[in-house]
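Residue strings, one per chain:
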Amino acid sequence: MTKTLNFRLNNLAFGTFLRARDANNAYMWQLNVGDSASSVPYLRPHRRVNGDYAVLAEVDLRPFGFTRAGLLAGTHTVAYTVDGTDIRTTLDGVVVDTRTVSDFSSGRAGLRTYGTESVTVGKFTVTRPDGTVLADPEFAVPNPLTGGSIDNRELTVSGSTDALYVGRDSYEPLLRTSFSTTPGKRVAQARVYASAHGIYQLTLNGRKVGDQFLAPGYTEYAKRIQSQTYDVTGLVRAGANGFGAALGDGWWAGKIGLAGKGQYGTDLALVARLKITYADGGVQWVDTAPDWKWHAGPFAATDNQLGETYDARSEQPGWTDGGFDDSAWAPAAVRPSDTAKLSPQPDEPVRETQVLATKKVTSPAPGVTVYDLGQNMVGVARVKITGKAGETVRLRHAEVLNPDGTMYVANLRAATATDYYRFAKDGTLTYRPTFTQHGFRYIEITGLATPPPAADVKGVVWGSDLRRTGTLGTSDGMLNQLLSNVAWGARGNFLSIPTDTPARDERLGWTGDINIFAPTATYLSDMRAFLGKWLTDVRDEQKSSGSIPAVVPSTNGAFDESGVGWEDALITVPYALWHAYGDAQVLRDNYEAMSRFFAYARASAGPDNLETGRLTFFTNDWLNLDDPSDQGVLGTAIWAQDVRMMAEMAQAVGRTAEAAEYTKLYEDVRAAFTSAYLAADGTVRGNSQTGYALALGMDLVADPALKAKAGEKYVAKLAQGDNHLKTGFIGTPWLMPALTNIGRDDLAYTLLSKKDYPSWGYEIGKGATTVWERWNSIQPDGTFGPVDMNSFNHYAYGAVADWMHQYIGGIRIKEAGYRKSVIEPRIGGGLTHAEGVVDTVYGRLSDAWALTGDGLTMNVTVPVNTTAEVVISSRDARSVTECGKPLRSAGGVLGVTYDPGRKATVVTVGSGRYSFRASK
């Protein structure tokens, strides 16, 4: 048979797969013109076996009349005729090579590029010797190959891409079976237990099973695969029933991080058990088994990063009805069992949590319509569209727009984030993707004669369905927008795992991000199950040394190298959960793993307790603004934090001897830090904002006089930048606590309230609705920051909200789980009121304060079985009342003192509601 291509060589080279069993086992005949004007054009045949290429004897194309310049100009035709073990190559009608090879007897055709290589193909045919056409694909959506992009009826393959020819029979599978309930018996209960290689959506009698998406979620599949349980009692019918599943690539077979597709495998699979319990106690099981049938469905392509292609022409109407005729369907293949890895899902499923309406519609170019949802979000679009049979609508997604109103997608890198819908017939319908997810604010629609109106385009928000537990509102609109940005950033990045960005080709569980954000997260939402599940992933990935990778899960060893501030998440995340909820079980679950890491970190710090090692590419305060820090300062401060937290956690689980040892070690580390890194005048080595923030925010300077000097140096350092921040990931969370710790809340408010570059307010002024990855994601001149790493939805710098919750809302933890709390708003920044609320494990804890013409009011709610220390700014205790009564005669008040240093009355109260007033 002969494979013929009409092509334009855009750059360097391209390859043609012949007789490919898969992309790793094939012949690959490459046309290569080199990278300079003097390069020799070659035909370079390759043999690829189990992923390894071997170059066969190459052919110089010059004797046949071909030049590099000629092959780079215009359109050419190459034909490969494969006859038994012979392969003949014909280029523009000239036979340039004939050779014999015997590795592969059959297989598919395809295209291959690598690096900067690129080719555009306008015709791609496979014919038998008698002229019978075996393949003559239409270069339209869905793409007939597994890679490349289609435009104007041509296919362009670029970069590192293996693209094999596929037909409709290679679309993602639908699986089904039929069953009948026992006549005369009433169904009392029905449950489905299921999991998959890939992601799945179950359907029973035409109705979706459950309300979650992207199941079974992301874990280290080599060690653990989650399973789900669904109550389907209301879906089972008396008599005939149809039961089935659609499968998508998901994290199993789809693109993960910076790597390509198929990181765990390429074969999708389902395991499911339907248990029907009858009223008389009888049980009927309907299990996935060889008698199930399968057929290619309408999902032509599914990928979390690349998007979904839905071909309605391949729909199978009624395929999960009980009476469906599946005689044309093939028997399901039985894969090797992987059920030993199954583990019930312990965390909240990914669900639809909100639907956003379009706020604005623009048309930056003919035939292009852009819909602005007004909020950067994660999920999918839901569009009501009208088209004709064979037409394809394209949905592209972006976080921000170019200045000309077009979609800015360069920062998405290899994540094309594009969905397609191909009409099977004329009409109007609603399309919402099933097997993908995107991070976006803007939706671009093309391919329709008439674009849908704004009301017909929605954003469906997806995320792990975490219960919101904490809020904060203030009298300042900019600060309220910042708080909203932080919350939306958490919503978007908490999807099965705590990711780093939901838009580009990454979406990985970076340990450094959650290390610094966990305290904020535990205020915003109930994180016990979600982060508890992720800590199981961490334990699955922990190395024999005790270290953990920089990302978890670390698929196929991705970002296996970790370092200070990232791998320490194994200490800080369990601590954050225990501190917020008071449940020591999370400590017991992780204590062995934490101890192994602690021993590893202790050995790294060495006997002098100065951590200058554990280095990696993100060392030195990642993404700081030209204000690098000394690694010893960073490393030792973080090591001190590890030790302090381990001391507290050891005490909480009854390991008193270890707690005493670690408490002593903590004081030794503090002393070592001060001795090594603080000068007599208070200068912290490196003189960076982050250095001072860590030293003072973490309270590592015990001597009051030296601390005061360091505080003066910190204030001076900030003043050098007109009180703008320059910190990176490690330093930013400690900027504000450091200022509070030296009595400069006024300066903390100054820093927080800045609106020019660089600041949180600057981002908001540029239209941000989530927190950016870098302070210069959009430059002051309107240009974009470094395209290779520029996310507009990155929660790390949102860790500032932890200070806001504690010192603007005024709610701090005094004893784990808020069993004892401190209510102490630090009033300033021109704020006139604020209200912080957090639903603790004991109940609602809240503080609403307001400045009035004659003083300060504080309305406080304290949950049952807890006490609170309420600190009220006042001239003396007599000027404070509760519900109009003197404090000592007010109900619920357990004690009253006056602190002249803080100029505040300190009232200890039990559970209840209180209304305090401090007169001027």
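Since the structure is predicted, the reported quantities are computational estimates derived from the model, not experimental observations.

## Some points on the overall build of the protein
Next, step 1: Regarding its fold elements, the protein presents 15 helices and 53 strands.
Next, step 2: Computed over C-alpha atoms, the radius of gyration of the protein comes to 31 Å, within 12% of the 29 Å expected from 2.2 N^0.38 for 920 residues, which places it in the range of a compact globule.
Next, step 3: Across its three principal axes, the protein shows a C-alpha extent of roughly 105 × 80 × 55 Å.
Next, step 4: Every one of the 920 residues in the protein was classed for burial, and the buried ones make up 58%.
Next, step 5: Counted over contacts in the protein with a minimum sequence separation of 6, partners at least 24 positions apart contribute 70%.
Next, step 6: Carbon and sulfur atoms make up 49% of the accessible area of the protein, which amounts to about 34,500 Å² in all.
Next, step 7: Taking the average location of the 91 positive side-chain charges in the protein and that of its 98 negative ones, the two points are 4 Å from each other.

## Some remarks on the sheet that holds strand 29 (residues 342-344)
Next, step 1: Taken together, the five strands give an open sheet; going across it, the order is 24-23-17-21-29, and neighbouring strands pair in mixed fashion. The two strands at the open ends of the sheet, each matched to only one other strand, are strand 24 (283-287) and strand 29. For this sheet, the mean inter-axis angle between neighbouring strands, taken without regard to orientation, is 25°.
Next, step 2: Here strand 21 (residues 225-231) runs beside strand 29; their pairing, made up of three bridges, is parallel. Counted as the bridge partner of Ile225 is Leu342 from strand 29.

## Points about the sheet that holds strand 22 (residues 240-248)
Backbone-to-backbone hydrogen bonds pair the strands of a sheet. The strands run either parallel or antiparallel.
Next, step 1: One open sheet accounts for six strands, arranged 19-18-22-16-25-28; its pairing is antiparallel. Edge positions in the open sheet fall to strand 19 (207-208) and strand 28 (330-331), since each of these has one partner strand only.

## A closer look at the packing of aromatic side chains
Aromatic ring pairs are reported here in terms of the distance separating the ring centres and the angle at which the planes meet.
Next, step 1: One pass over the structure, following the stated rule, counts 48 aromatic pairs.
Next, step 2: Here Phe213 and Trp462 contribute two aromatic rings whose centre-to-centre distance is 4.4 Å and whose plane-to-plane angle is 20°, an arrangement assigned as stacked. Here Phe213, found in strand 20 (residues 212-213), pairs with Trp462, found in strand 39 (residues 457-464); they are 249 residues apart in sequence, far enough to count as distant.
Next, step 3: When the ring of Tyr218 is compared with that of Tyr221, the centres are 6.2 Å apart and the planes differ by 50°; the resulting orientation is tilted.
Next, step 4: A relative accessible area of 1% places Tyr218 in the buried class.
Next, step 5: Members of the aromatic cluster, joined through ring pairs, are Trp510, Phe559, Trp566, Phe617, Phe618, Trp622, Phe729, Trp760, Trp775 and Tyr797.
Next, step 6: Note that Lys208 overlies the ring of Phe213, its terminal NZ or CZ placed 4.7 Å from the centroid.
Next, step 7: In this structure, Arg491 is placed above the aromatic ring of Trp488, and the distance from its NZ or CZ to the ring centre is 4.2 Å.

## Examining helix 3 (residues 477-493)
Next, step 1: When the terminal C-alpha atoms of helix 3 are compared, their 24 Å separation across 17 residues agrees well with the 24 Å that a helix rising 1.5 Å per residue should span.
Next, step 2: The element helix 3 is extensively covered by neighbouring structure, given that twelve of its 17 residues are classed as buried.

## Points about the environment of Thr732
Next, step 1: Note on placement: Thr732 falls in helix 12 (residues 732-741).
Next, step 2: When its relative accessible area of 1% is taken as the criterion, Thr732 is described as buried.
Next, step 3: C-alpha of Thr732 to C-alpha of Ala693: the two residues are 39 residues apart in sequence and 8.0 Å apart in space.
Next, step 4: In terms of polar contacts, Thr732 uses its side chain to reach the side chain of Thr727, at 2.8 Å.

## Examining the pattern of salt bridges
Next, step 1: Inspection of every chain in the model, using the stated rule, returns 57 salt bridges.
Next, step 2: Between Glu667 and Arg670 there is a salt bridge; the shortest N-O distance is 3.3 Å. Pair noted here: Glu667 and Arg670 are both in helix 9 (residues 656-677), with a separation of three residues, about one helical turn.
Next, step 3: Given a relative accessible area of 12%, Arg670 falls into the buried group.
Next, step 4: The salt bridge partner of Asp839 is Arg844, with a shortest N-O separation of 2.7 Å.
Next, step 5: Salt bridges linked by common partners bring Asp745, Arg812, Glu824, Arg826, Asp899 and Arg902 together as one network.

## As for the environment of Pro825
Next, step 1: Among the secondary structure elements, Pro825 is positioned in the loop between strand 44 (820-823) and strand 45 (833-840).
Next, step 2: Between the C-alpha atom of Pro825 and that of Tyr80, which follows or precedes it by 745 residues, the distance is 76 Å.
Next, step 3: Those residues within four positions of Pro825 in sequence are excluded, and the remaining contacts are Tyr807, Ile808, Gly810, Asp847, Trp849, Met858 and Val871.

## A short note on helix 15 (residues 800-807)
Next, step 1: When you tally the buried positions in helix 15, you get six out of eight residues, the bulk of the element.
Next, step 2: Three or more residues of helix 15 are buried, namely Val800, Ala801, Trp803, Met804, His805 and Tyr807.

## Structural notes on unusual backbone geometry
Next, step 1: The residue after Val141, namely Pro142, is reached through a cis peptide bond having omega 5°.
Next, step 2: Inspection of the secondary structure puts Pro142 in the loop between strand 12 (133-135) and strand 13 (149-151).
Next, step 3: In the segment running from Val552 into Pro553, the intervening peptide bond is cis, with an omega of 0°.
Next, step 4: Within the secondary structure layout, Pro553 lies in the loop between helix 5 (528-541) and helix 6 (569-581).
Next, step 5: The phi dihedral of Leu12 falls on the positive side, at around 70°, and the residue is not glycine.
Next, step 6: Tracing the backbone through its elements, the reader meets Leu12 in the loop between strand 1 (2-11) and strand 2 (13-22).
Next, step 7: Its relative accessible area of 18% is what places Leu12 among the buried residues.
Next, step 8: Backbone geometry at Cys883 places phi at a positive 50°, although glycine is not the residue there.
Next, step 9: Residue position: Cys883 is located in the loop between strand 49 (880-882) and strand 50 (885-886).
Next, step 10: The exposure class assigned to Cys883 is exposed, which follows from its relative accessible area of 54%.

Thresholds, definitions, all that
Residues numbered from 1 in each chain as written. Predicted model: local features only at pLDDT ≥ 70, side-chain atom pairs only at ≥ 80, totals over all residues. Heavy atoms only, no water. Helix = DSSP H or I, 4+ residues; strand = E, 2+ residues; numbered from the N terminus. Rg over C-alpha atoms; globule rule 2.2 N^0.38 Å. Buried < 20%, exposed > 50% of the residue type's maximum accessible area, 1.4 Å probe, protein only. Contact = heavy atoms within 4.5 Å. Areas by Shrake-Rupley, 256 points an atom, 1.4 Å probe, with all protein chains shown as cover. Lys, Arg positive; Asp, Glu negative; His and termini not counted. Charge placed at Lys NZ, Arg CZ, Asp CG, Glu CD. Pairing = 2+ DSSP bridges. Axes fitted to C-alpha atoms, helices over the stretch in contact; angles between N-to-C directions. Phe/Tyr/Trp six-rings, centres within 6.5 Å; stacked < 30°, edge-to-face > 60°. Lys NZ or Arg CZ within 6 Å of the ring centre and 35° of its normal. Expected span 1.5 Å × (residues − 1). Polar contact = N/O pair within 3.5 Å; in protein donor to acceptor, adjacent residues only side chain to side chain. Salt bridge = Lys/Arg side-chain N within 4 Å of Asp/Glu carboxyl O.

Just geometry here; none of it tells us what the structure is for.
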